[in-house]
Amino acid sequence: MTTIWLRDEDKEFEKRTPLTPENAKKLLDAGYKVIVEKSNDRIFPIQEYEKLGCEIKESHAWIEEAPVSDDVFILGLKELKETDTFPLKHNHIYFAHIYKGQNGAEKVFHRYSEGQGTLFDLEFLLNEDKRRVAAFGYWAGYVGAALSVENYFSESPAPLRHYSSKDEWLKIINEKRQGKRNPCTFIIGALGRCGSGARELLTDLELESINWDVQETKVGGPFDEIINADIFINTVLMTTKIPPFLDKSLMERNQKLSYICDVSCDPNSDLNPIPIYNVHTTWDKPLHKVESSIDHECNVIAIDNLPSALPKESSIDYSNQLIPHLLELKNAKDYFTWSHAKEIFETKKSANK
């Protein structure tokens, strides 16, 4: 029997899940075995899975208890714990962030080579048209824009936190904006999933934006127009290296741009189109000051799990996108999305030996 084992998350502040109770039931009804680990953080209580008939395990039980089999898949969302070093023997499904030369990638590939396990990276689950089958992009864009605008209106840095709904957050932002000048916001990638989320946040707040996409950026950056805005939001996930949208020399002339939200958030990759910073920021400390010789201060927001601020809405959306493909795991060898993801993993692993 094909088994999907939903593990607890290791990443701090992560409340999202790739499998909601509603979609766990779809798997059970289709004849899958569904095992769910207990979690102190997951937005859906363990009881919701248990009452449906899912088998319940303790947090991180997969490490010792999950069978090593072609029919068992360990499903998670974000990276495994960085401090662990044991070989990875299982089939894993999660966002690993190791295919673009990120820091620590070699160590993770080594663990898979030692254990002979397989990674089906959620970022690289594609259909036959080579388009992603599931993504958090919309909510990443929405949350990134919300955090940027909130900080613009705030007297001191505003941390990221969990909200029960977007309406709760919108109310807070509107309270902070009283008596303040509205920002000029510049979005690159405005027509994609992330860009649509960012635009929707601004619409919810009755704010306007300058929206650029492929047509406007095809001439190649850097783009002076960016530093004429108050907020710049990058929502483009790069797969090839291009001239940067914004570079250090351009920032030396900046007198207005105050907040940059890099929703795509790949600071340690050679593909980063905003090479003016090289660190992730955190929920507690979301702002990283850009180094510059000028007096005007500009801060970067670079948080790689933004949608977790709205964990219920984003989990439901993502799980609904993913479930048609999880239902095909019993045919993983013949189903393009899974077979292609395995091919990508094997190619990347070979290149990192």
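All chains use their own residue numbering, which begins from 1 and follows the written sequence. Restriction of local features to residues with pLDDT of at least 70 applies here, the model being predicted, together with a cutoff of 80 or more for giving and counting side-chain atom pairs; totals for whole chains, interfaces and linings are based on all residues. No hydrogens and no water enter the side-chain calculation; it runs on all heavy atoms of the structure.

S.K.: Sorry if this is basic, but what is going on with the overall build of the chain here?
M.R.: In this text, helices come from DSSP runs of H or I with a minimum length of four residues, and strands from runs of E with a minimum of two, each type numbered from the N-terminal end. Looking only at helices and strands, the chain features eleven helices and twelve strands. The quantity called the radius of gyration is restricted to C-alpha atoms. Its globule counterpart is 2.2 Å times the number of residues to the power 0.38. Taking 353 residues into account, the globule formula puts the C-alpha radius of gyration at 20 Å, and the chain, at 21 Å, falls close to it. Classification of residues uses two cut-offs on accessible area relative to the type maximum, computed with a 1.4 Å probe and protein chains only: under 20% is buried, over 50% is exposed, and between them is partly exposed. In the chain, which comprises 353 residues, the share counted as buried stands at 53%. For the chain, the computed accessible surface area is about 16100 Å², with 46% contributed by carbon and sulfur atoms. Positive residues here are Lys and Arg, negative ones are Asp and Glu, while His and the chain termini are left out of the count. Every charge is mapped onto a representative atom, which is NZ of Lys, CZ of Arg, CG of Asp or CD of Glu. Averaging the positions of the 43 positive and the 56 negative side-chain charges in the chain gives two centres separated by 1 Å. Residue burial considers only the protein chains on display, and all accessible areas are found by Shrake-Rupley using a 1.4 Å probe.

S.K.: Teacher, can you tell me more about the pairing of strand E10 (residues 259-262) here?
M.R.: The side chains of a regular strand alternate between the sheet's two faces. Residues Tyr 259 and Cys 261 line one face of E10 and the alternating positions Ile 260 and Asp 262 line the opposite face, and both faces are buried. Strands were regarded as paired on the criterion that DSSP finds at least two bridges between them. As judged from the four bridges shared by strand E9 (residues 231-234) and E10, these two strands associate in the parallel manner. Within E10, the residue paired with Phe 232 across the bridge is Ile 260. Relative to strand E12 (residues 299-301), E10 is paired through three bridges, and the arrangement is parallel. Pairing of Cys 261 across the sheet is with Ile 301, part of E12.

S.K.: Whenever I open this one, the packing of helix H5 (residues 137-153) against helix H6 (residues 166-176) confuses me. Can you help?
M.R.: Any two packed helices are characterised by the angle at which their axes cross and by the distance between the axes. Angles shown run from 0 to 180 degrees and are taken between the N-to-C directions of axes, each axis being a line fitted to C-alpha atoms and, for helices, limited to the stretch in contact. The interhelical angle for the contact between H5 and H6, taken along N-to-C directions, is 25°, at an axis separation of 9 Å. Considered as vectors, H5 and H6 are oriented roughly parallel to each other. In the crossing of H5 with H6, the sense of the turn from one axis to the other is left-handed. Facing H5, whose interface residues are Tyr 142, Val 143, Ala 146, Leu 147, Val 149, Glu 150 and Phe 153, H6 presents Lys 166, Trp 169, Leu 170, Ile 172, Ile 173 and Lys 176. Under this scheme an angle from 65 to 115 degrees is roughly perpendicular, one under 35 degrees roughly parallel, and one over 145 degrees roughly antiparallel; angles in between are oblique. Crossing handedness is defined as follows: a turn of the near helix away from the far one that is anticlockwise and smaller than a right angle gives a left-handed crossing, while the clockwise case is right-handed. In what follows, a contact means two residues having at least one pair of non-hydrogen atoms within 4.5 Å.

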